[in-house]
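Understanding the architecture of this molecule
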Amino acid sequence: AMAGQLLSKSKILSGWQCHKRLWLELHEPDKAIETPSMRRAFAIGHEVGRVVTQLFPDGILIGPEDPDELPDLDAALDETRERLAGPGPLTLFEATLQHGGVLVRCDVLVRDALGDIRLVEVKASTKVKPVNYIDCAVQTWVLAGAGLHPVRVELAHIDNQFVYAGNGDYAGLFAFEDLTDRVAPMLENVPDWVHLYQEVIAGPMPPIEVGPQCRNPFDCPFLAHCRPEDPPYPTRLLPGGGKAVWQLLADGVEDIRDIPPGRLTSEIQERVRRVTAAGQAELRPDAAALLGTLGWPRYFLDFETVSFPVPVWAGTRPYQALPFQWSCHVQRESGELRHREWLAEGDGPPMREFAETVIDALGDTGPVFVYTGFEARILKELADRFVDLAGPLSAIGSRLVDLHPVARASYYHPDMLGSWSIKKVLPTIAPDLDYAGLGDVQEGGAASEAFLGLMDPETSAERRETLRADLLRYCKLDTEALVRLRDFLAGAS
């Protein structure tokens, strides 16, 4: 074996993303911060890996059953070697091999009756990405070095057109792409990568500045460590980002207020610069003209959805956003404001009842205010799913008024820091409505997570009550925010 640190496949991918990330993973791992979205991505990977094993019924798992339990690598190497030494066809999950200072664990390794080897790398994504070629090349190189020459290297990724028929039948969930020819010419580069990354690890910390590589192809857990304290109005948060922003940062312009006038060519970035430099909010009157023409009653609507990489309800697709909760405020011309809401129990597919209750709540006339095009998309998917409800659902769809582009075109406050998300807009117009005061559910990802808690039969009755209360408060605040935002943009006090 080569001298130096034993590299795993994931360490090589870290090095490919950023030398500093690789160095920190080995020398200062405690500086990593795992975000909720990283945790979710991890959980999705485990879930998808679990389903793949059902498609290879004769497969043998090397190492611990529990995906969170770290394997004893020496034992895993020995067990893999012993299994491969036996005769005949063989399918291994997490086959563990090493060669030339690199250790890999292969998702699926198949040896057929002729002795031909097939390597299958499994991903939860819905398409092949450039990083996947590197990933498969490293594994293929290690396998070849260990005397196993795969005749076929495949990437199994989720086919998002797959429709689940129910009954645990996931045949067709994965698209198997043949990467053999793409990977072959990369194999001769692997020893150079290994040598380079071992040198990186052995040397001092690479002096790499924060840049586009911090989020590509993966969100780096060391980002907060590498980024010095932000100034009050960070240039990096200009909407749309892009080359102009990285160029400013390279020139040392860290704060929006320090950007030279005339430097930005994007209208929206320039507006953010101008308003931030002036230090006070700007509300243009054109929003009031548009909003003043809409009749009564006014409805304010928000949906929450959950999506599964591996579908759990028949007739649904991977990663499809499936609605489980809505909130609606209704404002009448008399000034009366009423609230209606619905939240699924979590004991089965909620889509039908969701659609029926929404139709019931929204009447026949009057604008339905939403924020972004999300609700429109969900209503359209519900109309496609439930043909008998398509008429009323489409009628609601035609009444939607999206306040997001209105706010974006006509309002900006320096404290929004380049974002028009409702969470950023609200504190600047209605500081008394505060997401931070909510329970565990303060954003959409946490709402989905809470609903998974309601779906889990293991969840205690007490915990269930808490989750339901948190979800209802969160969704209600979203539509209350829309009422306040509409009034504000229309110039009503």
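Residue numbers here run from 1 along each chain, matching the order of that chain's written sequence. Only residues with pLDDT of 70 or above have their local features reported here, since the model is predicted, and side-chain atom pairs are shown and tallied only from 80 upward, although totals for entire chains, interfaces and linings are computed over all residues. To obtain the side-chain values, all non-hydrogen atoms of the structure were included, while hydrogens and water were left out.

As for the overall build of the protein chain
Looking only at helices and strands, the protein chain has 18 helices and 14 strands in total. Put simply, the protein chain shows about 23,800 Å² of open surface, and 52% of that area lies on carbon and sulfur atoms. Side-chain charges of the protein chain comprise 48 positive and 72 negative groups, with the mean position of each set lying 5 Å from the other. Going along the chain from the N terminus, every DSSP run of H or I of four or more residues is numbered as a helix, and every run of E of two or more is numbered as a strand. Exposure was quantified through the Shrake-Rupley algorithm and a 1.4 Å probe, taking into account, for residues, occlusion by the shown protein chains and nothing else. Positive charge is attributed to Lys and Arg, negative charge to Asp and Glu, and no charge count is given to His or to the chain ends. By convention, charge coordinates are those of NZ in Lys, CZ in Arg, CG in Asp, or CD in Glu.

Brief notes about a negative patch on the surface
A cluster of acidic residues, Glu65, Asp66, Asp68 and Glu69, forms a negative patch at the surface. Partly exposed residues are those whose accessible area sits between 20% and 50% of the maximum for their type, while under 20% is buried and over 50% is exposed, using a 1.4 Å probe and protein chains only. By relative accessible area, which is 71% here, Glu65 ends up exposed. Patches in this entry comprise residues that are over 30% relatively accessible and not in a salt bridge; like charges within 9 Å are linked, as are nonpolar side chains (Val, Leu, Ile, Met, Phe, Trp, Tyr) within 5 Å. What makes a salt bridge here is a side-chain nitrogen of Lys or Arg within 4 Å of a carboxyl oxygen of Asp or Glu, nothing more.

Some remarks on the pattern of salt bridges
For the structure shown, the criterion picks out 34 salt bridges. Ionic pairing is found between Glu94 and Arg105, a salt bridge with its closest N-O pair at 3.7 Å. Taken together, the residues span a long stretch of sequence, with Glu94 in strand 3 (residues 90–99) and Arg105 in strand 4 (residues 102–111) at a distance of 11 residues. If you follow the salt bridges from partner to partner, you end up with Glu267, Arg271, Arg274, Glu282 and Arg284 in one network.

A word on the nonpolar core
Ranked by size, the top nonpolar core spans 80 residues in total, and within it Tyr371, Trp420 and Leu489 carry the most contacts. Among the elements that make up this core, the one with the highest residue count is helix 18 (residues 461–489) (nine residues). Here Trp420 is in contact with Pro239, Ile268, Arg271, Val272, Tyr371, His404, Ala407, Arg408, Tyr411, Tyr412 and Val425, once residues within four sequence places are set aside. To define a nonpolar core, start from buried Ala, Val, Leu, Ile, Met, Phe, Trp, Tyr and Cys residues and group those joined through side-chain atoms within 4.5 Å. In this structure, Trp23, Trp193, Tyr197 and Val200 belong to the second largest nonpolar core, which totals 42 residues. A contact between two residues is defined here by any heavy atoms of the two lying within 4.5 Å.

Describing the pairing of strand 4
Of all 10 residues in strand 4, nine are buried, a share of seventy percent or more. For strand 1 (residues 7–8) and strand 4, the ladder comprises two bridges, and the chain directions are parallel. What sits directly across from Leu7, in strand 4, is Val102. As paired elements, strand 3 and strand 4 share nine bridges and run antiparallel to each other. Bridge assignment links Leu92 to a residue of strand 4, and that residue is Leu109. Two strands form a pair only when DSSP identifies at least two bridges running between them. Here strand 3 folds back onto strand 4, and the loop between the two strands holds two residues, one of which, Gly100, carries a positive phi near 55 degrees.

Considering the pairing of strand 5 (residues 117–123)
Strand residues, when the strand is regular, have side chains that alternate between the two faces of the sheet. Extensive coverage of strand 5 is indicated by the burial of five of its seven residues. Between strand 4 and strand 5, which pair antiparallel in sequence order, lie five residues; one of them, Gly115, sits at a positive phi of approximately 90 degrees. Bridging between strand 5 and strand 6 (residues 150–158) involves seven bridges; their strand directions are parallel. When the sheet's bridge partners are listed, Val122 is paired in strand 6 with Ala156. The handedness rule is simple: strands pointing away from the viewer, and a clockwise path from the first strand over the helix to the second, make the crossover right-handed. Handedness of the crossover joining strand 5 and strand 6 through helix 5 (residues 130–145) is recorded here as right-handed.

Observations regarding the side chain of Arg486
For Arg486, the location among the structural elements is in helix 18. Polar contact is defined as a pair of N or O atoms within 3.5 Å, subject to the rule that within protein one atom must be able to donate a hydrogen and the other to accept it, and that residues adjacent in sequence are counted only when both atoms are side-chain atoms. Within polar-contact distance, the side chain of Arg486 engages the side chain of Asp487 at 3.3 Å.

A short note on the packing of aromatic side chains
Pairing of aromatic rings covers Phe, Tyr and Trp, the last counted by its six-membered ring, and requires centre-to-centre distances within 6.5 Å; plane angles under 30 degrees mean stacked, over 60 mean edge-to-face, and any other angle means tilted. Throughout the structure, instances matching the rule amount to eight aromatic pairs. Ring plane angle 85 degrees and centroid distance 5.3 Å describe the contact between Phe308 and Trp313, whose orientation is recorded as edge-to-face. For the pair shown, Phe308 and Trp313 are each scored as buried. Centroid distance Tyr412 to Trp420: 5.2 Å. Interplanar angle 50 degrees. Geometry classified as tilted. With respect to class, Tyr412 is no different from Trp420; both count as buried.

Overview of the side chain of Asp135
Checked against the element boundaries, Asp135 lands in helix 5. Classification of Asp135 by relative accessible area gives buried; the value is 3%. Looking at Asp135, its side chain comes within polar contact range of the side chain of Lys9, at 3.0 Å.

Notes on the environment of His99
Note that His99 resides in strand 3. The partly exposed category is assigned to His99, whose relative accessible area is 28%. It is 22 Å that separates the C-alpha atoms of His99 and Pro64, two residues lying 35 residues apart in sequence. Every residue in contact with His99, bar those within four places of it in the chain, is listed here: Trp141, Val142, Gly145 and Ala146.

Topic: unusual backbone geometry
Asn216 connects to Pro217 through a cis peptide bond whose omega is 0 degrees. Position of Pro217 relative to the elements: it lies in the loop between helix 7 (190–202) and helix 8 (223–226). With omega at -15 degrees, the peptide bond leading from Trp296 into Pro297 counts as cis. Note on placement: Pro297 falls in the loop between helix 11 (286–292) and strand 9 (298–306).

A closer look at helix 18
Here helix 18 is 29 residues long and its end C-alpha atoms lie 42 Å apart, about the 42 Å a rise of 1.5 Å per residue gives. Remark: Gly491 follows helix 18 within two positions and exhibits a positive phi of approximately 80 degrees. Expected span of a helix, by definition, is 1.5 Å for each gap between consecutive residues, and there is one gap fewer than residues.

Digging into the sheet that holds strand 10 (residues 322–331)
Within the open sheet, the five strands sit side by side as 11-10-9-12-13. Their pairing is mixed. On the outer flanks of this sheet lie strand 11 (337–343) and strand 13 (400–402), each paired with one strand and no other. Ignoring strand direction, the axes of neighbouring strands in this sheet form an average angle of 25 degrees. Taken together, the nine bridges between strand 9 and strand 10 define a ladder with antiparallel strand orientation. Along strand 10, the bridge assignment pairs Thr305 with Pro323. With axes taken as lines fitted to C-alpha atoms, and helix axes fitted only over the stretch in contact, angles between N-to-C directions fall between 0 and 180 degrees. Along the sheet, helix 13 (residues 374–385) makes contact with strand 9, strand 10, strand 12 (368–370) and strand 13, crossing strand 9 at roughly 70 degrees. Packing of helix 15 (residues 403–410) onto the sheet brings it into contact with strand 12 and strand 13, and relative to strand 13 it is tilted by some 30 degrees.

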